[in-house]
Amino acid sequence: MHNLYLIIAIGGQRALLPAACVESVVEVTEITSVPCAPPHVRGLFALRSRVLTVIDPLPALGERRTSEHGDQAVIVHVDGHLYAMLVDDVDDVVVIDGAPAAPRALLTPGWASHTEGALELDGEPLLLIDVATIIAGPLDLAA
Amino acid sequence: MTPNDYMFGKGDMDDLLGEFVAETRDTLEALSGEIVAWEKAPDDRARLDEIFRFVHTVKGSCGFLNLPRLERLSHAAEDVLADCRSDRRRPDTALVSAVLNVIDRIAELADALESGAEVADVDDDVLIAALRPAVPPATSSAAAGETSAGLATGADDRAEVAPFPPGEALPRPTAAPLQPRSVARTIRLPVDLLDRMMAGVSDMVLARNELARRLRDGETESATEVAFERLSTCIAEMRDAITRTRMARVETLFAALPRMVRDVSAELGKQVQLEIDGGDVELDREMIEMIRDPLTHIVRNAIDHGIEDAEGRVRAGKPLAGRLHVSARQAGNQILIEVIDDGRGIDGEQLAEKAVMLGLLPAEKAAGLSLDRKIDLIFEPGLTTARHVTAISGRGVGMDVVRANVEKIGGLIELDSRPGLGVRITLRVPLTLTIIPALTISSGGEHFAIPRSAIDEIVRIGGQAVRMGRLGGADIVHIRGQRLPVVSLGAVLGLAPRADQANLVVVKLSGGARYALAVEAVHDHEELVVKPAAPVVMACGVYGGTTLPDNSRPMLLLDVAGIAERAGVLRDGAAVVELASEEPEEEAPDSGVVPVLLFRDLDGVQRGIPLALVERIEDCFASSVSNSAGRMRLNMDGRLLPMLSCGAPIVETKFRVLRMRDGAEELAYAIDVVIDIVPVAIDLQTSAVPGPIAGVMLIDDQPVEFIDAFWLFSQGLGGEPVPEERPVCLLSDDDPWTRQVLAPLVEGAGYNVVFDREAAGGKADLIILPDGAPAPVTGDAPILKLRPLADDRGASPDSLWRYDRVGLAAQLRRHWNRRSA
C-alpha cells in the first residue's frame, strides 16, 4: 500500500493523496453547516448512518476559491474521525515507487506547509498532500 | 533440537507476557482489596482461601513464563498465607502490610515487564524477610527456622501475636463487610471490538427508524406490521444487551479505595472508617476509567483536608475515627456517585480570602458572594488552602481539573459543605456515552440538540411568572422571582434570526449555576445516538458531539458550558456576583396553616388551591362541555356553568372539576385528578403578572403552583349573557368584505349578526352600513357608518374608518352597554 497514490485535482492543480488513508470517493449533496467553525470546515454530511466533517482544502493551501465547489469529495479517515475533502476532480490510483523528494519549484507557504514533497509520474511532478494537516486547516488558525 | 523443546517465537512470548501483565494487574488490584478486608475480619476463612488462590495463581503463571524474581516473591507470599490457613500464624498489621508490600512489588515488576524498565532487585530480600514473623518481646518461642535464603517457613514458629496490638488500632468497624467477594466468569476483549458492536447496533436502530418511517408513509398489510414489530423488539433487546457489554459495575471503581484509604490515613496519622455502598450499580466502562482519577483525588482530599486529626475530632466532639462514605446509585438516566465525609467542611471564608490574596478575585466581589459561591471557589485553578501543600493532594492538580474531567464526559459535580459537619461531593454522570436523551431546538433555521441532563426547565417568554429585563447592559430574566442571565443562542452562534426567540431553555452547569438559553423553537424529546465530533468541530468550543436523528440530517449537540463561556456569562467574577445577590423575593405571606387541595391539572402540572374555596369536586363527562364564543360551559344539573381550565385539552371521556362559589356566583375549574389534601402554611412566591396562577411554593420539595381564585372569578364571570340574549347587529350584505371581515369582528364583540332586514324582525339593536348607503326605514336602532378610506374628507362627519379597530370596538361596546342598561 505504501506506493499507491490517488491522483486528484484541487485548486486547479493535480496532486496526490496516499491511497492508504482514502476510503472512497462520494458526491456530497447536502451539507449541514456548523456555526462558529473555521471557514475551511464546510459542515457535516451524512453517509450511510455516519456523520462526516466536510473540509475544503483550499484555505489551507492558500488558494482562493474561484467558483462554487463541486460535489465531489474524497473520504479520508484521520485519527479515528471521518472527513470528506472537497476536490475538483478525481483521477486514477497509480503506483509510484520511491520516497517523495523535495520539490524543485518554489512553493507558496500554503502549499509548502501542507504537502510532503513531490513524486514524479510520467515526467510530471505531483505534490503529495499531507492529509492530517489539511484537515486541521490553515496554519494561522492553530496559532 | 528435540521434540520436547518448546520454541516460543518472540511474537508468541510478547503475547503471553502481555496477557500475563494484564491479568496480573487485574488480579492484584482485587487482591489488595480482599487483603485489607480480610485484615478487618481475620476469621473469615473463605476469604483467606480466596486470597490464597489468587496468589497461588500468580505464582503459577510466573513459573510457567520463567520469571524467577516474580516467582520467588509470590512464593513467599503464598507460604505466609498457607501458614495463616493452617493456623500456624495469625494475621496482624505487620504481616498484612508485609504481604501488601510484596504484592506491590509484584505489580511493579509486572509493569516493568511491559515497559522494559529495570527494577532493582536488592529490596526483594527485605520484602520477603518482612514476611517473617516479628519476634515478640515477652514470649520468645523459636525464632529459629530461618535457614534458607530469605524464604520464611515459619513451620517452627509458635509465636502468637495479638491480632491488633494496642496503640496501633485501625478501628475495627462493626459495619457490614466492605465489598462482596467477586470472582466472576469473564473474558477480556479489545475495546475496539465492543465499539464496533455498539456502532453496529446504533446504526441498526437508525435503520429501523427509517424503515418505520417508510412503513408509516406507505400502505402496509398487517402481516408486515407484525413482522416489523417483532424486528423492533429484537433490536431493542439487542441494544440493551450490547449496552450492557459496555457497562461494568462501579465496584471496579471502588475496589482500590480500601487500600488507598488505609495507606493515606496511615501516612497522615488519621483514622478513617470507609463505607462503600452500591457497588453493583453499573456504568459505562470508559466512564469508569475517566472517573477513576477524579474520585481518587476527591477521596484523598477528604482525608487530607476534611477529616480532622484525632485531637481535632475529640475537640469537636466527634468519634475518633473519621467517617468516609462512598456510594453510587442510579437516579433516572444518571448515576450519582457521592463521597461524604464528616470532617470540618470547606471553609468558604478562607477560600475567598485566599482568592483575594492571590488576585483571582477583587475584594469587593468577594464580599458580595454568597457562602455557596465562596465554597465553589474551590474549583478555581491555582487555589489551594492547604496550609502546607501535602504530597498527596495539594499538587495544584486541583478541583478544577477534577471538574474539567467530569464535565468532559458530560457529567456534573456538586458540592455541599456544612462547616464543622462535613462535605458531600456528588458526581453526576450520564448513564451511557452513546445514546443520550436530548431535546431538539432550533434557531435561525438550524436544529440543535441539548442533553436532557443539562436542562432544568423550559419556559415561554411571555408566560406566567416569566419576566424579561436588562441589568447592566445584559439580558436577564426573572422566573418565579429568581434572576438568571439570558444567552441568545442565535447571537452566540452568529445565526441569522428567522423568528423571535420565544423560548427559554434553563440549563444548569456543574456546581448548580444556571442560565437561560434563548432559542426560537423547541421541538422534541428524543433519544439520540451521539458520536464525538471531529477535532476541528470540537475546537469551536460550543459543541459536544454530532448525532444523526430520524430525518438523517446531521445535528450538532450543544455544550451548554461552552456556550456560557463563549457568551461570557457565569465564569467571570461579575456574573458570579450577579447570580449570588439575587433579588429579594416579593412575598405575600399567608400566615397560618390551612388545608390545601393538591391536584394534577389537565396539563400534568401539580397545582394547589386552598380547600376553603372548593365547594365540591365532581366527575363530569367531556361531552357535557360546550364551547361558545370562546368560553367553555359545563352542563351540570341542567344548568350551564362557566368552566375554566389551564388550557390543555380534555382528552379523557371523564374528567373532574372543582366547583367554586364566591357566595353568589359559581364556576367550575377542570382538572385531571385530585392528589391529596395537605395542611400548608401558604407562603407564595407571587407571579409578577396577574393570571390564573397566584404564585408558587414548595410542598414536600415539589414546586406547586397555586390557582388564583380571584382571577378565575374575574374571568369566568363578568355578566356574559346567554347566547339567546345577545344583541342583534344588522349588517348590509352587499359585499363579501362585510361577510368575511366585519361580521366576525362584530360577533366577537358579543353580537348576533344578521344580514337580512327581514330576518332581524325589525328589531336590530345596531345597524352597520357603509357610508353613503341608504338607511333602513324601520326601527330606531342606532346606525354606525363605515367609510372605506382613512381620510374623512367627503364622508359623513360621524362615520368611522372601517379599519379603525379601536374606534369600531369602542362603538360596538358602547352600543352593547347601552342596550343592556
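Numbering of residues starts from 1 in every chain and runs along the sequence as written. To read the labels, note that chains go from A and ligands from 1, taken in the order they are written. With the structure being a predicted model, the display of local features is reserved for residues of pLDDT at least 70 and the display and counting of side-chain atom pairs for 80 or more, all residues being used for whole-chain, interface and lining totals. Side-chain numbers come from the whole structure's heavy atoms, not from hydrogens or water.

### Considering the sheet that holds strand β5 (residues 50–55) of chain A
Residues and elements named next belong to chain A. What counts is decided by this rule: Note on pairing: DSSP must find at least two bridges between two strands before they are called paired. Think of it this way: any DSSP run of H or I at least four residues long counts as a helix, any run of E at least two long counts as a strand, and we number them from the N terminus. Only the stretch in contact is used when a helix axis is fitted, and all axes are lines through C-alpha atoms; the angle between N-to-C directions ranges over 0 to 180 degrees.
Reading across from one edge, β3-β6-β7-β5-β4 is the order of the five strands in this open sheet, with mixed pairing throughout. At either end of the open sheet lies a strand with only one pairing partner, and these are β3 (22–27) and β4 (41–47). Adjacent strand axes in the sheet meet at a mean angle of 30°, parallel and antiparallel pairs treated alike. Here β4 pairs with β5 via six bridges, running antiparallel. Pairing of Ala-46 across the sheet is with Val-51, part of β5.

### Here we look at the sheet that holds strand β10 (residues 124–129) of chain A
Residues and elements named next belong to chain A. Taken together, five strands build an open sheet; the order of strands is β8-β1-β2-β10-β9 and the sheet is mixed. The sheet is open, and its two borders are formed by β8 (89–95) and β9 (115–121), each paired with just one other strand. Mean inter-strand twist for the sheet, computed between neighbouring axes without regard to direction, equals 35°. Pairing analysis gives five bridges linking β9 to β10, with the strands arranged antiparallel. The residue of β10 that forms the bridge with Leu-121 is Glu-124.

### Here's the deal with the pairing of strand β23 (residues 631–636) of chain B
Residue and element names in this part refer to chain B. Here strand β22 (residues 625–628) pairs with β23 via four bridges, running antiparallel. If you follow Val-625 over to β23, its bridge partner there is Leu-634. Linking β23 to strand β24 (residues 639–644), which pair antiparallel, is a turn of two residues; within it Asp-637 sits at a positive phi near 55°.

### Quick look at the interface of chain B and chain A
Just so we agree on the cut-off: When checking whether two residues touch, look at their non-hydrogen atoms; a contact exists if any pair is within 4.5 Å. Summed over both partners, the accessible area lost on bringing two parts together, with a 1.4 Å probe, is the buried area. Salt bridges are defined by distance alone: a side-chain nitrogen of Lys or Arg within 4 Å of a carboxyl oxygen of Asp or Glu.
Residue-level contacts link 24 residues of chain B with 23 residues of chain A. Buried surface at the junction of chain B and chain A, both sides included, amounts to about 1700 Å², of which 67% is carbon and sulfur. If you sort the residues of chain B by the area they bury against chain A, Val536(B), Arg553(B) and Pro554(B) come out on top, with a joint share of 31%. Two residues, Glu30(A) and Arg553(B), come together in a salt bridge whose shortest N-O distance is 2.6 Å.

### Section: helix α4 (residues 93–115) of chain B
Applicable threshold: Expected helix span is given by 1.5 Å per residue-to-residue step, counting one fewer step than there are residues.
The first and last C-alpha atoms of α4(B) sit 33 Å apart over 23 residues, in line with the 33 Å expected at 1.5 Å per residue. Trailing α4(B) by a residue or two, Gly116(B) shows a phi angle of about 85°, which is positive.

### Considering the pattern of salt bridges
Summed over all chains, the structure comprises 37 salt bridges over all chains. Here the residues in one salt-bridge network are Glu39(B), Asp104(B), Arg259(B), Arg262(B) and Asp263(B), joined through shared partners.

### Quick look at unusual backbone geometry
One non-glycine residue with positive phi stands out, namely Cys36(A), at about 75°. Examined against the element boundaries, Cys36(A) turns out to sit in the loop between β3 and β4. Even without a glycine there, the phi angle at Asp87(B) is positive, about 65°.

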